[in-house]
Protein chains: 4
Amino acid sequence: MTTTFSGVIPPVITPLADSGELDLDSLESLVKHLIDGGVNGLFVLGSSGEVAFLTDADRQRVVETAVRVAAGRVPVLAGVNETSTPRVIQQVRLVESGGADAIVATAPFYVLPNADEIDQHFRLVAASTDLPLLAYDVPVRVRTKLDIAMLVRLGTEGVIVGVKDSSGDDVGFRRLVLANRAAGSPLSLLTGHEVVADGALLAGADGVVPGLGNVDPHGYAQLVAAAQRGDWAEAKRMQDRLTELFEIVFQASGVSGEAGGVGAFKEALTHQGVIASGRMSPPIPRLEADVVSRITAIVDASQSDDSSIDAVRINDGV
Amino acid sequence: MTTTFSGVIPPVITPLADSGELDLDSLESLVKHLIDGGVNGLFVLGSSGEVAFLTDADRQRVVETAVRVAAGRVPVLAGVNETSTPRVIQQVRLVESGGADAIVATAPFYVLPNADEIDQHFRLVAASTDLPLLAYDVPVRVRTKLDIAMLVRLGTEGVIVGVKDSSGDDVGFRRLVLANRAAGSPLSLLTGHEVVADGALLAGADGVVPGLGNVDPHGYAQLVAAAQRGDWAEAKRMQDRLTELFEIVFQASGVSGEAGGVGAFKEALTHQGVIASGRMSPPIPRLEADVVSRITAIVDASQSDDSSIDAVRINDGV
Amino acid sequence: MTTTFSGVIPPVITPLADSGELDLDSLESLVKHLIDGGVNGLFVLGSSGEVAFLTDADRQRVVETAVRVAAGRVPVLAGVNETSTPRVIQQVRLVESGGADAIVATAPFYVLPNADEIDQHFRLVAASTDLPLLAYDVPVRVRTKLDIAMLVRLGTEGVIVGVKDSSGDDVGFRRLVLANRAAGSPLSLLTGHEVVADGALLAGADGVVPGLGNVDPHGYAQLVAAAQRGDWAEAKRMQDRLTELFEIVFQASGVSGEAGGVGAFKEALTHQGVIASGRMSPPIPRLEADVVSRITAIVDASQSDDSSIDAVRINDGV
Amino acid sequence: MTTTFSGVIPPVITPLADSGELDLDSLESLVKHLIDGGVNGLFVLGSSGEVAFLTDADRQRVVETAVRVAAGRVPVLAGVNETSTPRVIQQVRLVESGGADAIVATAPFYVLPNADEIDQHFRLVAASTDLPLLAYDVPVRVRTKLDIAMLVRLGTEGVIVGVKDSSGDDVGFRRLVLANRAAGSPLSLLTGHEVVADGALLAGADGVVPGLGNVDPHGYAQLVAAAQRGDWAEAKRMQDRLTELFEIVFQASGVSGEAGGVGAFKEALTHQGVIASGRMSPPIPRLEADVVSRITAIVDASQSDDSSIDAVRINDGV
């Protein structure tokens, strides 16, 4: 049996209490919010999940909580975020014990591997587990762009079952889609870029892993549904609305991408009443009050000017 | 009157004879091939036009020839490719005297300007001419990514009339489309990436500047036509075929992007009988024979397996 | 009491057995080799120590072994290599329990912090421990260049006691030396670049952290001694010889920097009989036999053609 | 006969009048200032000479003026700054007709050549002229780091006679020095980094091309003289003083490197009465008055606290 991943699989943010402690109640609320919104999977311990800030103990609690609340309704993918093969494999053990349904691994980072070593890395990680493995392509963090031919080869050989593409390289993604199709589509191809999901789906993506999907999971579910039925005008309309909502991540100036991006998602979710606090992990500060005001105004505008969407939500029983 | 630019505006390659001299007969043949293929404009002296290799005298002859052969049927946009404002303005004089209808300028390069200086650069270039100015965003060559807010501001103030986006940043392009729309659409937005034209058009691009459009202008004309009538499935089908054809630029290994990319376009056009030689400018070597064989095989396959397209071509009188 | 660090403090490589297991006997032998060679400190769990490949358990065993064998003769500095503040602080606990005398931390990586967040990161790490903290500037791995003014400020306020500069930015290092001097020299400034130690010491560096110092600790001890007595011609002569020896890291082609660099150090040490194997951590392969032959030939030539050095070694009782 | 280049060869800035026009009177004054200061050559039309901003006509006038005023006392090297081989060769003609004694060329830029194409570029440029050719390695502007083996090979084959290294890669420079020496020293090796000249000379550099040498040519002449007689403590002392003076380029904030660096040199020279204006080429603004005040204060402090230097200047007839 081949596991495939498609549709909306948001990279779940990790709620923290104002004290900085992990807030599992908020995580439970968030998982419910996402599943109610119609997502097709949950990706915990990704970059948006602040995985790089979480201790191993907290990482395990995040997986366990997501798995428990999801209760099999959607698969839980877990990041195994570490610098090298031996340390990644330790993370695999951790998320296995937490009950994850699949793992998501980057190339090694901090270390500077070449192409052969990256290929070998994925093979060794896959060999260490029975869980399906997705490759996560995020050169802005890892420095290495994953090679298209390598990805398709690893897919054909059963080493990986999918790719989460956050490379920002739409040309490369299109070529990957065609190369995968030519190889019999061994890979589920997911774009990590929340504002070009319509184009990526038109190109042939199987799904989207949108950080913004934490805030508006139903919007992405609708976008994907429109794409699946070939209604590209509607998909584009949904994407445009979500792209406007995405402006929440650009409201802060002079802060890091972590603070501006994940911080904005957390503030929006706090405003929505889904989680309890916009608190970030040290040394990332919480956003300033004026920034939060602009974020909440954008969130409110996105909801209020789109009554048809609310209607749909009601109709869907959400 | 505002000049707008849309549809298919290929960056016209510059044919050279085997001797290395400019081959104006081949350029004339190429311009006819493009106009017959249904393009909506010609962009000469772009990166694909080897502008950075051409002497000023040859640059002028290229513009003059394109303008003469186009004969007003489509506008001729000309690159004014230079390192700094004073030298760009000299190029503006050159292409004005050649009869260009619009100019396309990058940010300064080699020098390392900041955002304010780039803004001022475009203002000074625009002030030096009555021709409409498009900003060319190509950070892989220039190092600087043009700022979205600056572009929209320059559009609103009438400094620039459009943007050719070869930034490879599809997220930024989507945000630019929305910001331009919110400002009343002062800018014509053109993507330079030939394998994601369908998604860019779905997002709201006004047109495409495809290097591959030299080889298959009619394919791009059909793609744009499909998009304009909202037939996104057909647009995607056309794009997929063109993306497969684009593999010609990846056939050479161990060569520069100039040799592999523009060299492939020239070899394809030579194979099609449009131009006389695949010769490149020094120090770029011509592609090896085995690479050319693979390129021509891809070109032939692209044409042969798409009889409906040939039919359309015949119907169009091409 | 202020702890200062100066002289030769090699980043100790981590020997592995052919099986891939940690080889603590070889580590013990290596530590003796280094102390006998005249080094002034040991830096374990640095990049050259493959820290990014070691599990936490192995990291702790490395620190414990180095501390036990050093037995107070020289201080043991330990890297606390992790992506973010919370995870670095966990590593601080680990190396504290192993008995380290000081800790060495980079800016956060994988995450993309801004300048304020990096400043805060060092403050939080320092606040978590009584051990002296050195900042490790290695932008090729971490992506961020540490700011000169921040480093001097953190030194003046007692947050950090030194900097290991592997930035490759000799202009920045010179400015740091002068800024530190102007502030009363709160920082010990160590260069991580083994082939420019003479110039760095002339500029005012307090010491050097040379990966190549694993292979020829005595050469670096002599270089530093020559510099300290103002014999720059001799320092340069020593540096030139060591730079020629450093060519061992460039013998492999088509491999990663990890394989070529640390791999070469390990092979040289194996050839010298100091450690048992050139084995690297997965997924880094061991160097090919022909590369190893070239490396050992360079090592032999470096020793054989420099009889005066061997004489000195004998005289020094090494 | 082999031409060699050594000692102090400043990259001569290009004075502009307040109107923005080329100020040849100031250039004449500057050339006298430099020769009186004891420099061993003049490098006009380099990056510090704003070559990328100057029209061809102005470039020619700069060369002619420098050659006329130098009157054979020191050689005049001229940059042939262009994007590609054909355009560089046109610049060679221009500076030949202006009377230059040598040419300095970068790798192609804007275009993205590979290693073989860069090698061929230098061969074609050298073949186009009888003037000696130096390779200029400035990856921050050109994007490509010149390969050490290629440089030594081109030197051995007589294609180039020297290298101006502004790569900021001191490790690579040290390796280049040793590789050149092993090949019989075909190349004159000049560092472009003004604050590490002492270390570069200790390593074996033949000379220095310091932008700051416009402001304090005599300081660099003294530094080189101290190095040549082996007085490294004095060379370091001179370098430290010059490094403190170099802080003038860091006084402006929020401006480009062009404005902050070359602008500072121009303001210092204006303050010294050597040239008439700190005006920069469009779109680079002149520095703000408060920045200029800080610059002139640093210049004054550098001179006033070093009476021994003034004495030497008087003795030297400066």
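The name that an unreviewed UniProt entry assigns to chain A is Dihydrodipicolinate synthase family protein, with the source organism given as Paramicrobacterium chengjingii. Turning to chain A, the UniProt record has this under Sequence similarities (unreviewed entry): "Belongs to the DapA family."

S.K.: Teacher, can you tell me more about the sheet that holds strand 5 (residues 133-137) of chain C here?
M.R.: Hydrogen bonds between backbone atoms are what pair the strands of a sheet, whose relative direction is either parallel or antiparallel. The sheet built from eight strands is open, its strands ordered 1-8-7-6-5-4-3-2 (chain C) with parallel pairing. Of all strands in the sheet, those with a lone pairing partner are strand 1 (7-8) and strand 2 (42-44) of chain C, marking the two edges.

S.K.: Sorry, what's going on with the interface of chain B and chain A here?
M.R.: Bring the parts together and some accessible area is lost; that lost area is often taken as the interface size. Each side of the interface is counted separately: chain B has 23 residues, and chain A has 23 residues. In this assembly, chain B packs against chain A so that about 2300 Å² is buried in total across both faces, 56% of it on carbon and sulfur atoms. Taken as a group, B:R174, B:R175 and B:L202 account for 28% of the area that chain B buries against chain A, more than any other trio of residues on that side. Across the chain B-chain A interface, the total number found is 10 salt bridges. Salt-bridge contacts for A:D198 lead to B:R174; the nearest nitrogen and oxygen are separated by 2.6 Å. For the pair chain B and chain A, the number of links is 12 residue pairs in polar contact (both at pLDDT 80 or more). If you list the elements that add at least two residues to the side of chain B that touches chain A, you get helix 7 (170-182), helix 8 (197-203) and helix 10 (232-246) of chain B. Grouping the constituent residues of the side of chain B that touches chain A by class yields eight nonpolar, six polar and nine charged.

S.K.: Can you walk me through the pairing of strand 3 (residues 76-79) of chain C in this structure?
M.R.: Residue and element names in this part refer to chain C. Burial of the side chains of strand 3 extends over both faces: V76 and A78 are buried on one face and L77 and G79 on the other. As paired elements, strand 2 and strand 3 share three bridges and run parallel to each other. Of the residues in strand 3, the one forming a bridge with V44 is A78. As for the winding sense of the linkage, the β-α-β connection from strand 2 through helix 2 (residues 56-70) to strand 3 is right-handed. Here strand 3 pairs with strand 4 (residues 102-105) via three bridges, running parallel. Residue G79 lies in a different strand from strand 4, and its bridge partner there is V104. A crossover connection joins strand 3 to the parallel strand 4 through helix 3 (residues 85-98); in handedness this β-α-β unit is right-handed.

S.K.: Sorry, what's going on with helix 10 of chain B here?
M.R.: Three- or four-residue spacings in an α-helix give side chains the same orientation, since the helix completes a turn every 3.6 residues. Residues and elements named next belong to chain B. In this model helix 10 runs 20 Å from its N-terminal to its C-terminal C-alpha over 15 residues, within 8% of the 21 Å that 1.5 Å per residue would give. Of all 15 residues in helix 10, 11 are buried; the element is thus mostly enclosed. Every buried residue of helix 10 is listed here: W232, A235, K236, M238, Q239, D240, R241, L242, T243, L245 and F246.

S.K.: I would appreciate a short explanation of the packing of helix 2 (residues 56-70) of chain A against helix 3 (residues 85-98) of chain A in the present structure.
M.R.: For any two helices packed against each other, one specifies the crossing angle of their axes together with the interaxial distance. Residue and element names in this part refer to chain A. Where helix 2 contacts helix 3, the axes come no closer than 8 Å and their chain directions differ by 35°. Crossing geometry of helix 2 relative to helix 3 is assigned as right-handed. Contact residues: helix 2 offers D56, R59, Q60, V63, E64 and V67, while helix 3 offers Q91, L94, V95, S97 and G98.

S.K.: Can you help me understand the relation of the copies chain C and chain A in this one?
M.R.: Superposing the two chain copies requires a rotation about an axis and a translation along that axis. Mapping chain C onto chain A is achieved by rotating through 180° and translating by 0.0 Å along the same axis, at an RMSD of 0.0 Å. One copy is carried onto the other by what is essentially a two-fold rotation axis. Judged by C-alpha distance, C:Y110 is the residue of chain C that lies nearest the rotation axis, at 3.9 Å. An overlap of 100% is found between the interface residues of chain C and their copies at the interface of chain A, pointing to a shared contact surface.

S.K.: Got a minute to help me understand the side chain of C:T85 in this structure?
M.R.: If you trace the backbone, C:T85 turns up in helix 3. Reaching out from C:T85, the side chain makes a polar contact with the side chain of C:H121 at a distance of 2.8 Å. Discounting residues that sit within four places of it in the chain, C:T85 has contacts with A:P282, A:P283, C:H121, C:L124 and C:V125.

S.K.: What exactly am I supposed to notice about the pattern of salt bridges here?
M.R.: Opposite charge on two side chains allows them to pair when their charged atoms are near. For the coordinates displayed, the defined rule picks out 108 salt bridges over all chains. For A:E258, the salt bridge identified is with A:R141, shortest N-O distance 2.7 Å. Residue A:E258 is located in helix 11 (residues 257-271), and its partner A:R141 is located in helix 5 (residues 139-142); the two are separated by 117 residues in the primary sequence. Classification of A:R141 by relative accessible area gives buried; the value is 15%. A salt bridge links C:E244 to D:R181, with the nearest nitrogen and oxygen atoms 3.6 Å apart. Here C:E244 is found in helix 10 (residues 232-246), whereas its partner D:R181 is found in helix 7 (residues 170-182) on a different chain. Residue classification places C:E244 among the partly exposed positions, given a relative accessible area of 41%. Connected through salt bridges with shared partners, the residues A:D56, A:R59, A:E82, A:R87, C:D56, C:R59, C:E82 and C:R87 form a single ionic network.

Criteria and thresholds
Residues numbered from 1 in each chain as written. Chains lettered and ligands numbered in written order. Predicted model: local features only at pLDDT ≥ 70, side-chain atom pairs only at ≥ 80, totals over all residues. Heavy atoms only, no water. UniProt positions renumbered as here; feature names shortened; annotations may be inferred. Pairing = 2+ DSSP bridges. Helix = DSSP H or I, 4+ residues; strand = E, 2+ residues; numbered from the N terminus. Contact = heavy atoms within 4.5 Å. Buried area = accessible area lost by both parts, 1.4 Å probe. Salt bridge = Lys/Arg side-chain N within 4 Å of Asp/Glu carboxyl O. Polar contact = N/O pair within 3.5 Å; in protein donor to acceptor, adjacent residues only side chain to side chain. Nonpolar A, V, L, I, M, F, W, Y, C, P; charged D, E, K, R; others polar. Buried < 20%, exposed > 50% of the residue type's maximum accessible area, 1.4 Å probe, protein only. Right-handed = clockwise from strand over helix to strand, strands pointing away. Expected span 1.5 Å × (residues − 1). Axes fitted to C-alpha atoms, helices over the stretch in contact; angles between N-to-C directions. Left-handed = near helix turned anticlockwise from the far one by under 90°. Least-squares fit on C-alpha atoms with pLDDT ≥ 70 in both.

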